[in-house]
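# Structural characterization, general
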Amino acid sequence: MTARDLWQAFSRADLDPDALALGDLTRRTAVARVTELAERLRAQGVRPAETVGLQGPNQPEWVLGLLALTAAGACPLLLPADSPPAETRRLLRTAGARRTLVADPDGADWAVLSAQDAGADRGLTGDADSEAAAHHAPGTVLLASSGSTGTPKVVARSQGSVLDEGVRYHRAGLARPADSVLLPLPLSHAYALGWLAGALVAGAHVDPVPPRAVGAVHARLRQRATVLVTVPGLARVLVRRRALTDDAPYPALRRVMAGAGYVDAGLDALWTRTLGVGVSRNFGSSETGAVLWGEPGLPSGAVGHPMPGVRVDLLDPDGTALPGAGAAQGELAVVLEDGSTHRLHDLADRDEHGVHRILGRARLGVVRRGARWVSTMEVESVLRAAPGVADVSVTATGPDDSDDQGLTVEYVPADAELAAPGLVQAYARAELAAYKVPDSFQPRYRLRRSAVGKAQAAPVYRLARAGARPDTPAEQVLAAALTELGLPPLLADGGTAADLARTAGLRAEVLSPVLDTACALGLLVTDADSAGAPGAWAYPPDAVPAGRALAARVRGEAAGEGPRLPAALTGPPPPDAGLRAAVEELLAEAAVDGPLLEIDDGDVPPSADAEYGACVVLGGVHGPAARLGSLAALLRPKGLLVVADTFVADPLALADVTSRVTAVRWLVDGHLHWWTPQELRAGLEAVGLRVEESHGTEHAPYTILAARKPS
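As the structure is a computational prediction, the values presented were derived from the model and not from experiment.

### Let's talk about the overall build of the protein chain
Tallying secondary structure elements over the protein chain gives 21 helices and 31 strands in all. Counting only residues that meet the buried cut, the protein chain has 54% of its 711 residues in that class. Per element, the accessible surface of the protein chain, about 28600 Å² overall, is 51% carbon and sulfur.

Pasting the structure below:
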């Protein structure tokens, strides 16, 4: 590879200028746009080696922005699109970046890039004349990595290092010149950057689409995609989508690659059975890029052999490399093409064939229990298949140097009875060796995960600086509830949901959604830099009844009848004739065999006999004790469950008034469980149903989901 940077790799003369290179753009068009943008960036004062943030949705325009920054000699800081503003500010400060290039395909600036500048021209935000606090070689790529703790940090990669990783993909035959590489994962992530480099080195076509844009993935698979790059969580969602499986197999699709997570044999077999292509494995780090990969058919947790050009060693506890052949277990260390050595702090097994199996992070993902090691990823993989478990995370407890650490399971139940702690524990005992069975099983309403599915540390909640002046009725009701619970003095010092619940004598899984909603409304923050001093909230008397009702629900007490709500919190209207007509139209198009049951208030009939051909639930799915398994039990084989309910897109970012009102009404009414269509989808699948379609309606704020019971 003779190119010195990503821009040269993309624009080299030996590639066909009229072939598709980036999304729907030909290489000629993409090169012209990058050249134009790079010239404009230089005119705006971007200097070689200046650190400039890059942020935007997963679209071709993001890649154009990256290439333009490298062409201008800048050091792009790849900012996650889903980072909240406070986290973005911290990353910018850490990297010494004072300006941000925002890639916006909907902007007015030649329909590709737009931004605002505090001073003059468009395209950059910030101070053009300030010096960066950190200095890097021109063109260095800066990645926001979660590291091993869930706390974002900045990792610097030279473009030579990134291109070396691309050469590995090309030499391994993973990225070929004729490929169309589909990337429905965050482009700011190191895993996506490596695959992007692989496509550039090979001269392949790159097709970035937003994460979880299942419709776009389906369209690209039908049109041209030969390689699908994904993560295990998204791979599970995709393989269950009716539209994808109905069109399978896809003639052009030759490889599905899942990285940045644990791939088990069940997921591999499901892809092979459903779409005819098994799941390949990928493993690496932000500092090194991908270093291991394997073909489909490997055991759970296995990631295969070293990639071309790198040497992978296993180290004993003293840091000495174990013999390079035969079975062994130790900490991974990698020697890259430039001769640099990196200890990855991951523990792995190597079998007699040289296939590596990742056990987990040293001192985090691998737990010493007596004389044996336990991989938390293996335990998570097993428990994810437990009846009624929609999501799960396993963590170690006790000192890192202990020879007998504990294991704690936090999981999201799709059905409070089906996935009761005792039943999940019994499942673990039946499926795992005794020394692998966790000690504690804690239900949670949601597990926080990054865009690539990595578990994130529990946030620390604090009072916001503006918390003393709740302005809207929604904020006022929450302020009244938090005051009634006696939390403001505790929030002044900060604490996780578990810490606050333990101190206040509450249940963390019930308190968590209230704290998250208070954050989304601006009463609380999870950023220490934005925390405020303690003070009493001021709110009008009409917020008190609803606040007391919510506080009673958090305590587990009867909330009384219909608390008086402020007039502005009217909530969504009851299901009208139009919504019913939309549901009836869906039922008319679906194959329904058997009687129809309609549930208006969410109360599931006591009978669990599978006698209904279809069940329609109009509202009422949400709740502190979800009973999706009871709904599934009502259906005959091939029976259809149709849910029409109110949702918000993201409970951690309630941007509009309607979603804020909806979220607070749910809390007051006791609807503390399923908030987003995506979470409901996972819950329905956890109780054995298969979601066939999900779509919004003309009757906002309702969304309709349809799920089928397998035969």
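### Notes on the pattern of salt bridges
Counting across every chain of the model gives 28 salt bridges. Arg224 is the partner of Asp24 in a salt bridge, and the nearest nitrogen-oxygen pair spans 3.1 Å. With Asp24 in the loop between β1 (20-22) and β2 (25-26) and Arg224 in the loop between α7 (214-223) and β11 (227-230), the pair connects residues that are 200 residues apart, well separated along the chain. Overall, the relative accessible area of 19% leaves Arg224 in the buried class. For Arg444, the salt bridge is made with Glu410, and the minimal N-O distance between the two is 3.1 Å. Taken together, the positions of Arg444 in the loop between β24 (440-443) and β25 (462-463) and Glu410 in strand β23 (residues 406-413) put the pair 34 residues apart, joining distant regions of the chain. Taking the relative accessible area as the measure of exposure, Glu410 reaches 27% and is therefore partly exposed.

### A short note on the sheet that holds strand β22 (residues 389-397)
Across a sheet, strands are paired by hydrogen bonds formed along the backbone, either parallel or antiparallel in direction. With mixed pairing, three strands are arranged side by side in an open sheet as β22-β23-β24. Here the strands that pair on one side only, and so sit at the sheet edges, are β22 and β24. For this sheet the average axis-to-axis angle between neighbouring strands, irrespective of direction, equals 20°. Looking at chain direction, β22 and β23 are connected through eight bridges and run antiparallel. Following the sheet pairing, Ser393 is matched in β23 by Glu410.

### Side note on the nonpolar core
In this structure, Trp195, Trp271 and Leu332 are the most contacted members of the largest nonpolar core, which totals 97 residues. Top contributing element to this core by residue count: helix α6 (residues 190-202), with 11 residues. Within the second largest apolar cluster, 43 residues are counted, among which are Tyr445, Val514, Leu521 and Val648.

### Observations concerning the pairing of β11
Going residue by residue along β11, you find Val227 and Val229 tucked away on one face and Leu228 and Thr230 tucked away on the opposite face as well. Where strand β9 (residues 180-183) and β11 come together, two bridges link them in parallel fashion. Along β11, the bridge assignment pairs Leu182 with Leu228. As defined by bridge partners, β11 adjoins strand β12 (residues 255-258) across four bridges and the pair is classed as parallel. By the bridge assignment for β12, Val229 is matched with Met257.

### Notes on the packing of helix α5 (residues 159-171) against α6
As a packed pair, α5 and α6 sit with axes 7 Å apart at the nearest point and diverge in direction by 70°. The angle between α5 and α6 places the two elements in the roughly perpendicular class. Seen from above, α5 lies across α6 with right-handed handedness. Between α5 and α6, the residues in contact are Val162, Leu163, Glu165, Gly166, Val167, Tyr169 and His170 and Tyr191, Leu193, Gly194, Trp195, Ala197, Gly198, Val201 and Ala202, respectively. Looking at the contact of α5 with α6 residue by residue, the classes come out as 10 nonpolar, four polar and one charged.

### Brief notes about the environment of Pro540
Mapping Pro540 onto the fold places it in the loop between β26 (524-525) and α17 (544-555). By relative accessible area, which is 29% here, Pro540 ends up partly exposed. With 67 residues separating them in the primary sequence, Pro540 and Pro473 have C-alpha atoms 8.9 Å apart.

### Structural notes on the packing of aromatic side chains
Given two aromatic rings, one states the distance between the centres and the angle between the planes to describe the pair. The final tally for this structure, using the stated rule, is one aromatic pair. A ring pair is formed by Tyr169 and Trp195, whose centres lie 4.5 Å apart and whose planes are at 40°; its orientation type is tilted. One end of the pair, Tyr169, is in helix α5; the other, Trp195, is in helix α6, with 26 residues separating them in the sequence. For Trp195, a relative accessible area of 0% puts it in the buried group. Between the NZ or CZ atom of Arg27 and the centre of the ring of Phe10, over which it lies, the distance is 4.9 Å.

Rules behind the numbers
Residues numbered from 1 in each chain as written. Predicted model: local features only at pLDDT ≥ 70, side-chain atom pairs only at ≥ 80, totals over all residues. Heavy atoms only, no water. Helix = DSSP H or I, 4+ residues; strand = E, 2+ residues; numbered from the N terminus. Buried < 20%, exposed > 50% of the residue type's maximum accessible area, 1.4 Å probe, protein only. Areas by Shrake-Rupley, 256 points an atom, 1.4 Å probe, with all protein chains shown as cover. Salt bridge = Lys/Arg side-chain N within 4 Å of Asp/Glu carboxyl O. Pairing = 2+ DSSP bridges. Axes fitted to C-alpha atoms, helices over the stretch in contact; angles between N-to-C directions. Core = buried A, V, L, I, M, F, W, Y, C linked by side-chain atoms within 4.5 Å. Parallel < 35°, antiparallel > 145°, perpendicular 65-115°, else oblique. Left-handed = near helix turned anticlockwise from the far one by under 90°. Contact = heavy atoms within 4.5 Å. Nonpolar A, V, L, I, M, F, W, Y, C, P; charged D, E, K, R; others polar. Phe/Tyr/Trp six-rings, centres within 6.5 Å; stacked < 30°, edge-to-face > 60°. Lys NZ or Arg CZ within 6 Å of the ring centre and 35° of its normal.

Everything listed is a geometric property; what it means functionally is a separate question.
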